[in-house]
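One-letter residues, chain by chain:
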Amino acid sequence: QTTLVVLVGIVVIFGINRYRSGWLASLLFLLLLAIAISFSDEPTQLVEGRSTFFFTIPILMASVILRPWASFAMAAVCGFEIAALVFGTLPPRTPEPLFLMLPWPTILGLFVVALMAWLAARSLENALIDLRTINRELDQRVDERTRDLAESLSRTEAILTGIADGVIVYDNDGVSTVANPAMVNILGKQ
């Protein structure tokens, strides 16, 4: 039953991504993934930490497919899910305050993972900004060089056309590639 719900959710998210908003689809996908993880194992096993590391997947993904800060938001969502699982597995009457029953080392670990994901995503984002700047500069240089080459070609053609002496230019294979009008006249008269 959970698998069917996840599959339907993925189809709906695909439709949202295709026809509406990629950002919204990414957010819904991460939430669906976090919820599916909470059903991936027995609640007591998740609370005891057997498969808690699966919660790091949406945290890491959030920093990449959304924004770097989204890893902290997803860590909070996963922390709330773990807290809900803890409260759901507690006996009806517990002598200790519920606040003390939470697995704080696990929740803190999720935020450490979020910090690492944020740092990595920020570095990647800064590298992409630098790369875009370099690409713009290179495009500008290519445009300038192309313009300079076109001007140089125009000057060379003007010189070749304007001089009275006949000029023929040969390539490395000995084939003539350029002949100015004076040379054409000289060759045409003979």
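Okay, so let's go over this structure.

The rules behind these values
All residue numbers refer to positions counted from 1 along the written sequence of the respective chain. Owing to the predicted nature of the model, reporting of local features is limited to residues with pLDDT of at least 70; listing and counting of side-chain atom pairs is limited to 80 or more, with chain, interface and lining totals taken over all residues. Only hydrogens and water are removed before side-chain values are computed, so all heavy atoms of the structure are retained for them. Per the convention used, a helix needs a DSSP run of H or I reaching at least four residues, while a strand needs a run of E reaching at least two, with both numbered from the N terminus. By definition here, a helix of n residues has an expected span of 1.5 Å times n minus one. For each residue, the accessible area found with a 1.4 Å probe, counting protein chains only, is set against the maximum for its type, and the residue is called buried under 20%, exposed over 50%, and partly exposed in between. Residues belong to one nonpolar core when they are buried, are Ala, Val, Leu, Ile, Met, Phe, Trp, Tyr or Cys, and are joined through side-chain atoms within 4.5 Å. Any two residues whose heavy atoms approach within 4.5 Å are treated as being in contact. Pairing of aromatic rings covers Phe, Tyr and the six-membered ring of Trp, with a centre-to-centre limit of 6.5 Å; geometry is then stacked below 30 degrees between planes, edge-to-face above 60, and tilted otherwise. For salt bridges, the criterion is a side-chain nitrogen of Lys or Arg within 4 Å of an Asp or Glu carboxyl oxygen.

What follows is about the environment of Arg132. Mapped onto the elements, Arg132 comes out in helix H7 (residues 104–162). The spacing of Arg132 and Thr156 is 24 residues in sequence and 36 Å in space, taken between C-alpha atoms.

In a regular helix each residue adds 1.5 Å, so 59 residues correspond to 87 Å; H7 covers 86 Å between its end C-alpha atoms and thus fits that length. Buried within H7 are the following residues: Ile107, Leu110, Val113, Ala114, Ala117, Ala121, Glu125 and Leu160.

Let us now look at the nonpolar core. Counting residues in each nonpolar core, the largest one holds 20 residues, and the members touching the most others are Phe55, Ile59, Met74, Cys78 and Leu110. When residues of this core are traced back to their parent elements, those giving at least two are helix H2 (22–38), helix H4 (56–65), helix H5 (70–89) and H7. Each residue touching Met74, except ones within four places of it in the same chain, is listed here: Leu30, Leu31, Ala34, Pro58, Ile59 and Ala62.

Next up on the list: the packing of aromatic side chains. Taken as a whole and judged by the stated rule, the model has 2 aromatic pairs. Plain terms: the ring middles of Phe72 and Trp118 are 6.3 Å apart, the flat faces sit at 50° to each other, and that makes the pair tilted. Of this pair, Phe72 sits in helix H5 while Trp118 sits in helix H7; the two residues are 46 residues apart in sequence, bridging distant segments of the chain. Residue classification places Phe72 among the partly exposed positions, given a relative accessible area of 28%.

Here we come to the pattern of salt bridges. In this structure the tally under the stated criterion is 2 salt bridges. Glu125 is the partner of Arg67 in a salt bridge, and the nearest nitrogen-oxygen pair spans 3.1 Å. Pair noted here: Arg67 is in the loop between H4 and H5 and Glu125 is in helix H7, with a separation of 58 residues, a long-range link. Residue classification places Glu125 among the buried positions, given a relative accessible area of 17%. The shortest N-O distance in the salt bridge between Glu125 and Arg122 comes to 2.6 Å. A residue pair is termed a helical-turn pair when its members lie 3 or 4 positions apart in one helix, as Glu125 and Arg122 do in helix H7 at 3 residues. For Arg122, a relative accessible area of 31% corresponds to the partly exposed category.

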